[in-house]
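Chain by chain, the residues run as shown.
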Amino acid sequence: MPTRFDVITLFPDLFRILLDQGVTGRALARGLAELHLWNPRDFTHDVHRTVDDRPYGGGPGMVMKVEPLREAIQAARAAAPQSRVAYLSPQGRVLDQAAMLEIAACPGWILLAGRYEGVDERLIESHVDEEWSIGDYVLSGGELPAMVVMDAVIRLLPGALGHADSARQDSHMDGLLDCPHYTRPERIEEGSVPSVLIGGDHAAIKRWRLRQALGRTWQRRPDLLKRRGLSEAERTLLDEFILAHRE
Ligand SMILES: NC(=O)c1ccc(NC2CCCC2)nc1
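Residues numbered from 1 in each chain as written. Predicted model: local features only at pLDDT ≥ 70, side-chain atom pairs only at ≥ 80, totals over all residues. Heavy atoms only, no water.

1. A few points about the overall build of the chain
Here comes step 1: Looking only at helices and strands, the chain has 11 helices and 9 strands in total.
Here comes step 2: Seen through its principal axes, the chain has C-alpha atoms that stretch 70 × 40 × 35 Å.
Here comes step 3: Looking at the chain alone, contacts between residues at least 24 apart form 73% of all its contacts between residues at least 6 apart.
Here comes step 4: Of the accessible surface of the chain, which amounts to about 14,400 Å², a share of 52% is contributed by carbon and sulfur atoms.
Here comes step 5: Across the chain, the 30 positively charged side chains and the 36 negatively charged ones have centroids separated by 5 Å. (Helix = DSSP H or I, 4+ residues; strand = E, 2+ residues; numbered from the N terminus. Contact = heavy atoms within 4.5 Å. Areas by Shrake-Rupley, 256 points an atom, 1.4 Å probe, with all protein chains shown as cover. Lys, Arg positive; Asp, Glu negative; His and termini not counted. Charge placed at Lys NZ, Arg CZ, Asp CG, Glu CD.)

2. Some words on the pattern of salt bridges
Here comes step 1: Applying the stated criterion to the full structure yields 17 salt bridges.
Here comes step 2: Residue glutamate 130 pairs with arginine 84 through a salt bridge whose shortest N-O separation is 2.9 Å. Placement of the pair is glutamate 130 in strand 7 (residues 130-133) and arginine 84 in strand 5 (residues 84-94), with a sequence separation of 46 residues.
Here comes step 3: As a salt-bridge pair, aspartate 120 and arginine 122 come within 2.6 Å of each other at their nearest N and O atoms.
Here comes step 4: A residue is classified by how much of its surface remains accessible, and arginine 122, at 51% relative accessible area, is exposed.
Here comes step 5: Here the salt bridges do not stand alone but share partners, grouping Arg4, Asp6 and Glu34 into one network. (Salt bridge = Lys/Arg side-chain N within 4 Å of Asp/Glu carboxyl O. Buried < 20%, exposed > 50% of the residue type's maximum accessible area, 1.4 Å probe, protein only.)

3. Digging into the site of the ligand
Here comes step 1: Neighbouring the ligand are 18 residues; Tyr87, Ile134, Gly135, Tyr137 and Leu139 lie closest to it.
Here comes step 2: With respect to the ligand, the side chain of serine 133 contributes an N or O atom lying 3.3 Å from a nitrogen atom.
Here comes step 3: Protein burial of the ligand: of its 380 Å² of free accessible surface, 96% is covered by the chains.
Here comes step 4: At 4 residues, strand 5 tops the list of elements feeding residues into the shell around the ligand. (Near = heavy atom within 4 Å. Polar contact = N/O pair within 3.5 Å; in protein donor to acceptor, adjacent residues only side chain to side chain.)

4. Structural notes on the sheet that holds strand 2 (residues 33-38)
Here comes step 1: Spatially, 2-1-6-5-7 is the arrangement adopted by the 5 strands of the open sheet, whose pairing is parallel. Sheet topology places strand 2 and strand 7 at the edges, where each strand pairs with a single neighbour. Adjacent strand axes in the sheet meet at a mean angle of 35° when their direction is disregarded.
Here comes step 2: Looking at chain direction, strand 5 and strand 6 (residues 108-112) are connected through 4 bridges and run parallel. Residue pairing in the sheet places valine 85 in a bridge with isoleucine 110 of strand 6.
Here comes step 3: This element, helix 3 (residues 66-79), spans strand 1 (3-8), strand 2, strand 5 and strand 6 of the sheet and lies at about 165° to strand 1. (Pairing = 2+ DSSP bridges. Axes fitted to C-alpha atoms, helices over the stretch in contact; angles between N-to-C directions.)

5. Description of the UniProt feature "binding site: S-adenosyl-L-methionine" (unreviewed entry) in the chain
Here comes step 1: UniProt records the feature "binding site: S-adenosyl-L-methionine" (unreviewed entry) for Gly114, Ile134, Gly135, Asp136, Tyr137, Val138 and Leu139 in the present numbering.
Here comes step 2: The residue glycine 114 is located in the loop between strand 6 and helix 5 (121-127) in this model.
Here comes step 3: In contact with glycine 114, other than residues within four places in its own chain, are Met64, Tyr87, Ser140, Gly141, Gly142 and Glu143.
Here comes step 4: Structurally, aspartate 136 is set in the loop between strand 7 and helix 6 (143-154). (UniProt positions renumbered as here; feature names shortened; annotations may be inferred.)

6. Details of a nonpolar patch on the surface
Here comes step 1: On the surface, a nonpolar cluster with roughly 300 Å² of combined accessible area is contributed by Tyr137, Leu139 and Leu144.
Here comes step 2: By the element assignment, leucine 139 lies in the loop between strand 7 and helix 6. (Patch = residues over 30% accessible without salt bridge, like charges linked within 9 Å, V, L, I, M, F, W, Y side chains within 5 Å.)

7. A word on the environment of valine 63
Here comes step 1: Within the secondary structure layout, valine 63 lies in strand 4 (residues 63-64).
Here comes step 2: Once the C-alpha coordinates of valine 63 and alanine 98 are considered, the two residues, 35 residues apart in sequence, prove to be 32 Å apart.
Here comes step 3: Not counting chain neighbours up to four residues away, the residues in contact with valine 63 comprise Val51, Asp52, Asp53, Pro55, Gly118, Val119 and Asp120.

8. Section: the environment of leucine 32
Here comes step 1: Relative to the assigned elements, leucine 32 resides in the loop between helix 2 (22-29) and strand 2.
Here comes step 2: Residue leucine 32 is classed as partly exposed on the basis of its relative accessible area of 21%.
Here comes step 3: When the C-alpha atoms of leucine 32 and leucine 157 are compared, they prove to be 7.4 Å apart, with 125 residues separating the residues in sequence.
Here comes step 4: Not counting chain neighbours up to four residues away, the residues in contact with leucine 32 comprise Pro2, Thr3, Ala27, Leu157, Pro158, Gly159 and Ala160.

9. Brief notes about the packing of helix 9 (residues 202-220) against helix 11 (residues 232-244)
Here comes step 1: One way to put it is that helix 9 packs onto helix 11 with a least axis distance of 8 Å and a crossing angle of 70°. One element, helix 9, and the other, helix 11, form an angle in the roughly perpendicular class. Between helix 9 and helix 11, the residues in contact are Arg207, Leu210, Arg211, Gln212, Leu214, Gly215, Arg216, Trp218 and Gln219 and Glu234, Leu237, Leu238, Glu240, Phe241 and Ile242, respectively.
Here comes step 2: Of the residues assigned to the contact of helix 9 with helix 11, the class counts are 7 nonpolar, 3 polar and 5 charged. (Parallel < 35°, antiparallel > 145°, perpendicular 65-115°, else oblique. Nonpolar A, V, L, I, M, F, W, Y, C, P; charged D, E, K, R; others polar.)

Spelled out as C-alpha cells, the structure:
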C-alpha cells in the first residue's frame, strides 16, 4: 500500500525536485509512494483567480483566503479519504526522526504549503488536523518544509533504500548521531582511514562505529544522549571513547 502525499501549493512545479531523481524519484516511480498536487488557484471562481487578500487589522503582506484552500482540501480529502491534513508553519510541532517514523506509519497526508504571511486562522481551525515545523526559522513558503518531510518519510518506507540497513544506520536513527564514513583511497594528504575499518573484523567494526556514534553524540548533542539513555554495553563504549579523547 503506497504512502500517499497530496500537496496543496501555489507552486506545484517546485515539487519536480522530488519527482526527478534520487531516492524519492525512484520510490515515486516504483509506486512505493504517490504524489498528487493541488493548486488553490484552480479552486477560485473570480476572474482574477484571487487566493490572497489584505490582513484585517492592517499590517504588511497578504493572507491566504479560506475558500480556495477549503475547496482544495475538500478535493484532496475526496481523493484520499484516509489522509490527515497537516499545515507546515513555524507555529507547528517541531519534527524529529521519531516524528518522521510516526508520519511514515500513516497511509497518507494532505500537506498544506502556505505562502505570503500565512493562511486565515479559520481555515486552520476548521480543516487542518496537525501543524508541523521543520525547525525554528521562517521561510517564504511551506513548500520546502513539505519536501523535507516527504524526503525524510519516503526514505523510511520499506524498499525505498537500496540496502534495507542504510535507513536504520542513518544518523539520528535510534537517537544517536552518525559515525564517520570513509571511502577509497586509504591514504591521501588529508589523512588515512582508521585501521579497524580496513581489517575484516566485522564485530570490531560494528563496535567502533557504535563507539563513534555514542562519542560524537556525547560531544556534539549531549541533549540527545540524555533523552535516549544508554545500555550497560553502550556506557562502556562511551567511557572508552572519552578515555581515548581526553585532552
Ligand atoms: N519552520 C518551518 O517549518 C516553516 C514552515 C513554513 C514557513 N513559512 C510559510 C508559512 C506560511 C507562509 C510561509 N516557514 C517556516
